[in-house]
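# Structure at a glance
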Amino acid sequence: PAAPEGTPVVEPQKLRSRPRRNRRSQTVRSAFSETFLTPSNFILPVFVHDGEDDIPIGAMPGVSRLGYKHGLLKNVAEARAAGVNSVVVFPKTPDHLKTMTGEEAFNPDGLAQRTISLLKDTYPDLEVYTDVALDPYSCDGHDGIVRDDGVIMNDETVHYLCKQAVSQARAGADVVSPSDMMDGRVGAIRDALDSEGFSNVSIMSYTAKYASAFYGPFREALDSAPVEGTAQRIIPPNKKTYQQDPANYREAIREAALDELEGADIMMVKPAGAYLDIIRALRDNSTLPISAYQVSGEYSMLKAAAAAGMLDEKDAVLESLLSIRRAGADIILSYYAVEAAKWMQDEC
């Protein structure tokens, strides 16, 4: 074939190894591809509220608080049709049910519990994950109980997390997912589940959950951000005393060792995109399955860039998800789960 005018004439390099030979065609590239992404790798997060209509979330284009029974079931049916058969439930608790100690978390007739039962009754083979933490139920907006001096109480919080996890298992949850980052909660929850006869319910621990700036849109979705304190009662403005420092790597390995010892079945890294090294660290230091959460801020950034014409949305999203898989994640929680699954179907 003719080369463009102006191409220099050179002696061929004497290279025995030319990596480009293994990239020369789509057939060859497919044969040697090291990482695969399928809809079965996805968990779809769903926000639910106790109402009829779906309520769009401004900071997350394309995502809504789904109406219990109607929008919820419609969205899950769409996900299943695309091959995504795992969901994680996040309930929007009405303000009048929120308290400083978050007892609504283990109300057997609470929104989370009713949602779990509805999903399992409607789709028995659906894998239902839950969120175990007090912040959606706390008027203070923290994952644990806040003492008047601003200390997040660890062991007292764990006691309520155990009650929450058992109530979710009783409602039909397949996997409970403690996202609170309290010390010792995985072992305590495992013991509580086993003592109530739920030895087959799995625990997906938020093992390396960082105090990240990427959670903002999520907190709008659930109205779960920390509130301001008063002169009589200190409420920390952030979650840095229990979530991990973004500067730290070895701390994640320590948390992983503890969670595995305490009985975790799956270990999560959150967020995903800025923490690929942590995903790889957990993969290399444990034989447990690893999950990663492509969080609301990551989703919203991709949406904003695509809307501005700065990125090809499909290509950028699929690349981001493939990168999370390549780093070592077995499963990925993503608000793009259904869209990505449909794009992948189109390519088949």
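Structure: above.
Let us look at the structure shown here. (Residues numbered from 1 in each chain as written. Predicted model: local features only at pLDDT ≥ 70, side-chain atom pairs only at ≥ 80, totals over all residues. Heavy atoms only, no water.)

## A few points about the overall build of the protein
Per the secondary structure count, the protein includes 11 helices and 12 strands. Taking 20 Å as the expected radius of gyration for a compact globule of 348 residues, we find that the protein reaches 22 Å, a close match to that expectation. Oriented by its inertia axes, the alpha-carbon framework of the protein measures out at about 80 × 45 × 45 Å. The long-range fraction of contacts in the protein, counting pairs at least 24 apart against all pairs at least 6 apart in sequence, stands at 75%. (Helix = DSSP H or I, 4+ residues; strand = E, 2+ residues; numbered from the N terminus. Rg over C-alpha atoms; globule rule 2.2 N^0.38 Å. Contact = heavy atoms within 4.5 Å.)

## Some thoughts on the layout of surface pockets
Considering only enclosed or pocket space, the largest pocket measures out at about 510 Å³ in volume. Along its surface, the largest pocket is lined by 18 residues, and S33, T35, F36, L322 and E347 are the ones closest to its centre. Every element with two or more residues in the lining of the largest pocket is listed here: α1 (26-31), α10 (313-327) and α11 (337-347). When residues of the lining of the largest pocket are assigned to their parent elements, the largest contribution, four residues, is made by α11. (1 Å grid on protein atoms, 1.4 Å probe; cavity = no way out; pocket = protein on both sides within 12 Å on 5 of 7 lines; lining within 4 Å. Points joined across faces, edges and corners; volume = space filled by probe spheres on them.)

## Thoughts on the side chain of S286
In this fold, S286 is placed in the loop between α8 (276-285) and β11 (290-294). When near neighbours in sequence (up to four residues on either side) are disregarded, S286 contacts E260 and M267.

## As for the pattern of salt bridges
In total, this model carries 21 salt bridges according to the counting rule given. For K239, the salt bridge goes to D143, with nearest N and O atoms at 2.7 Å. Of the two residues, K239 sits in the loop between α6 (216-222) and α7 (250-262) while D143 sits in the loop between β5 (127-130) and β6 (145-146), which places them 96 residues apart along the sequence. In this structure, K239 and D143 share a single accessibility class: buried. In this structure, the salt-bridge partner of D180 is R185, at a minimum N-O distance of 3.2 Å. Assessed through its relative accessible area of 1%, R185 is described here as buried. (Salt bridge = Lys/Arg side-chain N within 4 Å of Asp/Glu carboxyl O. Buried < 20%, exposed > 50% of the residue type's maximum accessible area, 1.4 Å probe, protein only.)

## Quick word on empty space enclosed by the protein
By the definition in use, this model includes two cavities of 30 Å³ or more. In this structure, the largest cavity encloses a volume near 130 Å³. For the largest cavity, the lining is made up of 16 residues, of which D135, K209, F218, K239 and K270 are closest to its centre. Taken together, the elements giving at least two residues each to the lining of the largest cavity come down to β9 (202-209) and α6. Sorting elements by how many residues they give to the lining of the largest cavity places α6 first, with three residues. The residue inventory of the lining of the largest cavity, partitioned by class, reads six nonpolar, three polar and seven charged. Each pocket or cavity is described by its volume, and for the second largest cavity that value is around 50 Å³. (Nonpolar A, V, L, I, M, F, W, Y, C, P; charged D, E, K, R; others polar.)

## Description of the pairing of strand β12 (residues 331-334)
What you see with β12 is no split at all: I331 and L333 on one side and I332 and S334 on the other are buried throughout. Note that strand β1 (residues 42-49) and β12 share two bridges and pair parallel. Counterpart to F42 in the pairing with β12 is I332. Examined bridge by bridge, β11 and β12 share four bridges and lie parallel to one another. Counted as the bridge partner of S291 is I331 from β12. (Pairing = 2+ DSSP bridges.)

## Quick look at the packing of aromatic side chains
The full count for this structure, using the stated rule, is 11 aromatic pairs. Taking 5.1 Å as the distance between ring centres and 90 degrees as the angle between the ring planes, the aromatic pair formed by F90 and F218 counts as edge-to-face. On the criterion of sequence distance, the pair formed by F90 in strand β4 (residues 86-91) and F218 in helix α6 is long-range, its members being 128 residues apart. By relative accessible area, which is 1% here, F90 ends up buried. On the basis of relative accessibility, which here comes to 10%, the residue F218 falls in the buried class. Consider the rings of Y336 and W343, whose centres lie 6.2 Å apart with planes at 35 degrees: the pair is tilted. For the pair formed by Y336 and W343, the shared burial category is buried. The lysine or arginine in question, R114, covers the ring of Y68, its NZ or CZ lying 5.1 Å from the ring centre. Over the aromatic face of F106 sits the side chain of K163, whose NZ or CZ is 4.9 Å from the ring centroid. (Phe/Tyr/Trp six-rings, centres within 6.5 Å; stacked < 30°, edge-to-face > 60°. Lys NZ or Arg CZ within 6 Å of the ring centre and 35° of its normal.)

## Quick notes on the environment of D265
Topologically, D265 is positioned in the loop between α7 and β10 (266-270). You can call D265 partly exposed: its relative accessible area is 29%. Sequence spacing of D265 and D50 is 215 residues, and the spatial spacing of their C-alpha atoms is 31 Å. When sequence neighbours within four positions are dropped, the list of residues in contact with D265 reads R190, V201, S202, I203, L288 and P289.

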